[in-house]
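Observations on the three-dimensional arrangement
Here's the letter readout for the chains.
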Amino acid sequence: METHTINEIDDAIHLHEMLPKECIAVCSCSGDNYAACEEWVEKLGLNIPREKSFEILKEVGAWDDEELQEKSDHELNVKVLWIAAGYED
């Protein structure tokens, strides 16, 4: 699979629109799907700026500021990908 770097997105909907169907199929399930999402973060070269990740994840409301601050940029990208993959059109 060809690697593409994704680092400029507006929101989870925008990212969802850019994701390959294979990625959405694997990463959109509920529950702990960290390993699959982490693999796709690497495949896609996903590198969303930290502040944009905070913005997207705060909209979901599942994490408070302290929880998000404790995460690495990589972990934030995994969470954003998971949210975006599961976005319903």
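Look above for the structure.
First, a word on scope: everything that follows refers to the structure included in this document.

Each value, and the rule that gives it
- Residues numbered from 1 in each chain as written.
- Predicted model: local features only at pLDDT ≥ 70, side-chain atom pairs only at ≥ 80, totals over all residues.
- Heavy atoms only, no water.
- Buried < 20%, exposed > 50% of the residue type's maximum accessible area, 1.4 Å probe, protein only.
- Helix = DSSP H or I, 4+ residues; strand = E, 2+ residues; numbered from the N terminus.
- Contact = heavy atoms within 4.5 Å.
- Axes fitted to C-alpha atoms, helices over the stretch in contact; angles between N-to-C directions.
- Parallel < 35°, antiparallel > 145°, perpendicular 65-115°, else oblique.
- Left-handed = near helix turned anticlockwise from the far one by under 90°.
- Salt bridge = Lys/Arg side-chain N within 4 Å of Asp/Glu carboxyl O.

Along helix α4 (residues 50-60), the residues that are buried comprise Ser53, Phe54, Ile56 and Leu57. Buried residues along α4 sit in contact with α1 (12-18), α5 (65-70) and α6 (73-85). At the exit of α4 stands Gly61, carrying a positive phi of roughly 85°.

Interaxial distance between α4 and α6 falls to 10 Å at its minimum, and their mutual angle equals 45°. On the basis of their axis angle, the class for α4 and α6 is oblique. In this structure, α4 crosses over α6, and the sense of that crossing is left-handed. When α4 is examined against α6, the residues Arg50, Ser53, Phe54, Ile56, Leu57 and Val60 are found in contact with a partner set consisting of Asp73, Leu76, Asn77, Lys79, Val80 and Ile83.

Our next topic: the pattern of salt bridges. A full pass over the atoms with the stated rule returns four salt bridges. In this structure, Asp73 and Arg50 form a salt bridge, with 2.5 Å as the shortest nitrogen-oxygen distance. Separated by 23 residues along the polypeptide, Asp73 in helix α6 and Arg50 in helix α4 bring together distant segments of the chain. Here Asp73 falls in the partly exposed class, since its relative accessible area comes to 38%. Asp65 serves as the salt-bridge partner of Lys58, at 3.3 Å between the closest nitrogen and oxygen. Residue class for Lys58 comes out partly exposed when judged on its relative accessible area of 43%.

Don't take any of this as a statement about function, it's just geometry.
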